[in-house]
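Descriptive structure summary
One-letter residues, chain by chain:
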Amino acid sequence: MVVTVLFGGSSYEHEISIVSSITIKKVLKKSTTNFIFCDANREFYVIDASNMKSNYFSSGSYKKAKKLFIKQGGFFSEGLLGSKPFNTGVVLNLIHGRDGEDGKMASFLEFNSIAYISPRLEASVLSFNKLYTKFYAQSVGVKTVPYQVMSRNDDRKSFNITYPVIIKPVRLGSSIGVSVVKSAEELDYALDVAFEFDTEVLLEPFLNGVKEYNQAGTKTTSDWELSIIEEPNKVEFLDFEKKYMDFSRDSEVGSADIDSSLEVAIQENFKKIYNTLFEGSIIRCDFFFSQGEVYLNEINPIPGSMANYLFKDFEGMVERLSKNLPRERNIKIDYSYIHSIQSAKGKA
């Protein structure tokens, strides 16, 4: 199997993507693995596996690598004899945040007929925007935590807020811009921080005493392939630095100690979210469990290091998924409508 890891992007999560890709290099041991870096200027470079080190990118050394460009059918490099195709096999989209999770890269790859593992356009739009995620979850019968939406220009004093409250930028991941606010005196600062990254934020009650569980999975030729259910280490919340380290995990973790009824409930909620919308992707859903109910916290459409540590056979699953990707419908254009008009006018 040939897999090309696509990473980087013009995003606040650019560095997270680099860390994830370095981790995936360690995980894909049997495959022929290529690496394509999309820099902050959205230029593409093919990166030798030996250079998959963080300082290679932070130092700007990647600019010495061969440049690639996309056109119909795949990635190409320019040479003295013209353009030469680059064998990508299947592209694993590992660009976190903007460009990778907002639908741009999915559309780009789809438009140019490149096979890829990633949420498709509609799934990207609904999972990248936390407000849209709430709407989507409600539509498929999955409960979410209550919330309010505040825009940058709203009157903050008009909101009825019960503390503690968690502030989240609507269109951002990796806990960037997220704060837990415990009193009214802390609110303005937390909102100012969040509005540095987005024009809208979510305000959710910070739930004490809840259990948190992560479930990842996909659909392959073997139908559902679900990961173990993980109970993350309990801290108030995972800030950017903790998630940065979390994204570098490459060793399998242990299953949560839960009863079978809760396991089934989490899996069934995951399946409702994944549905047919996320076919062609490996996603992770983070759930809360409180007072006998399961709530969706968030969808991770491109989870850190693809949540490889939750699967017993991650590489095998990637191969099986690569053989079961959605294909865009081929639309035959034969101009029959125009021809019929011309015939009717005697101009055929």
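Just so it is clear, the model here is predicted, and its values are computed rather than measured.

1. A closer look at the environment of Tyr12
- Tracing the backbone shows Tyr12 in the loop between β1 (2–8) and α1 (14–27).
- In this view, Tyr12 contacts Leu172, Ile176, Glu196 and Phe197; residues no more than four positions away in its chain are not counted.

2. Re the packing of helix α4 (residues 121–128) against helix α5 (residues 130–139)
- Direction vectors running N to C along α4 and α5 enclose 110 degrees, while the axes themselves pass 5 Å from each other. Taken as axis vectors, α4 and α5 run roughly perpendicular relative to one another. Facing α4, whose interface residues are Val125, Leu126, Ser127 and Phe128, α5 presents Lys130, Tyr132, Thr133 and Tyr136.
- Of the residues contributing to the contact of α4 with α5, the split by class is 5 nonpolar, 2 polar and 1 charged.

3. A few points about the side chain of Lys168
- Position of Lys168 relative to the elements: it lies in strand β10 (residues 165–169).
- Overall, the relative accessible area of 7% leaves Lys168 in the buried class.
- At 3.0 Å, the side chain of Lys168 and the side chain of Glu204 are in polar contact.
- Setting aside residues no more than four positions away along its own chain, Lys168 makes contact with Lys130, Val178, Glu200, Val201, Leu202, Glu204 and Asn297.

4. A word on the sheet that holds strand β2 (residues 32–38)
- Spatially, 8 strands are ordered β6-β5-β4-β3-β2-β1-β7-β8 in an open sheet, and the strand pairing comes out mixed. Pairing within the sheet leaves two strands with one partner each, and these edge strands are β6 (82–86) and β8 (116–117).
- Strands β1, β2 and β7 (90–93) of the sheet are contacted by α1, whose axis makes an angle of about 155 degrees with β1.

5. Details of the side chain of Thr33
- Residue position: Thr33 is located in strand β2.
- Classification of Thr33 as buried rests on a relative accessible area of 17%.
- With residues near it in sequence (within four places) discarded, Thr33 still touches Val3, Val5 and Leu28.

6. What to know about the packing of aromatic side chains
- Here the structure, examined in full by the defined rule, presents 18 aromatic pairs.
- For the ring pair Phe37 and Tyr62, a centre distance of 4.8 Å and an interplane angle of 75 degrees mean the geometry is edge-to-face. Placement of the pair is Phe37 in strand β2 and Tyr62 in the loop between α2 (54–58) and β4 (66–71), with a sequence separation of 25 residues.
- Assessed through its relative accessible area of 9%, Tyr62 is described here as buried.
- The interplanar angle of 80 degrees and the centroid separation of 5.4 Å between the aromatic rings of Phe44 and Phe75 together place this pair among those described as edge-to-face. Here Phe75 lies in strand β5 (residues 74–79) and Phe44 lies in strand β3 (residues 44–47), a separation of 31 residues in the sequence.
- In this structure Phe44 comes out as buried when scored by relative accessible area, which is 8%.
- Given the relative accessible area of 1%, Phe75 is considered buried.
- Each residue in the set Phe7, Phe37, Tyr45, Tyr56, Phe57 and Tyr62 is aromatic and connected to the rest through ring pairs, giving one cluster.

7. With respect to the pairing of β7
- Where burial is concerned, the two faces of β7 agree: the one with Val90 and Leu92 and the one with Val91 and Asn93 are both buried.
- The pairing of β1 with β7 spans 4 bridges and is classified as parallel. By the bridge assignment, Val5 is partnered in β7 with Leu92.
- The pairing of β7 with β8 spans 2 bridges and is classified as parallel. Each residue of the ladder has a partner; that of Leu92, found in β8, is Ile117.

8. Let's talk about the pairing of strand β14 (residues 223–230)
- Bridging between strand β13 (residues 211–220) and β14 involves 6 bridges; their strand directions are antiparallel. Note on β14: the bridge partner recorded for Asn214 is Glu230.

9. Quick look at the pattern of salt bridges
- According to the stated counting rule, one finds 19 salt bridges in the structure shown.
- For Glu43, the salt bridge goes to Lys67, with nearest N and O atoms at 3.0 Å. Pair noted here: Glu43 is in the loop between β2 and β3 and Lys67 is in strand β4, with a separation of 24 residues, a long-range link.
- The class of Glu43 is partly exposed, set by a relative accessible area of 32%.
- You can call Lys67 partly exposed: its relative accessible area is 43%.
- The partner of Lys143 in a salt bridge is Glu293, and the shortest N-O contact between them spans 3.0 Å. In this pair, Lys143 sits in the loop between α5 and β9 (148–151) while Glu293 sits in strand β16 (residues 293–300), placing the two residues 150 residues apart along the sequence.

Calculation criteria
Residues numbered from 1 in each chain as written. Predicted model: local features only at pLDDT ≥ 70, side-chain atom pairs only at ≥ 80, totals over all residues. Heavy atoms only, no water. Helix = DSSP H or I, 4+ residues; strand = E, 2+ residues; numbered from the N terminus. Contact = heavy atoms within 4.5 Å. Axes fitted to C-alpha atoms, helices over the stretch in contact; angles between N-to-C directions. Parallel < 35°, antiparallel > 145°, perpendicular 65-115°, else oblique. Nonpolar A, V, L, I, M, F, W, Y, C, P; charged D, E, K, R; others polar. Buried < 20%, exposed > 50% of the residue type's maximum accessible area, 1.4 Å probe, protein only. Polar contact = N/O pair within 3.5 Å; in protein donor to acceptor, adjacent residues only side chain to side chain. Pairing = 2+ DSSP bridges. Phe/Tyr/Trp six-rings, centres within 6.5 Å; stacked < 30°, edge-to-face > 60°. Salt bridge = Lys/Arg side-chain N within 4 Å of Asp/Glu carboxyl O.

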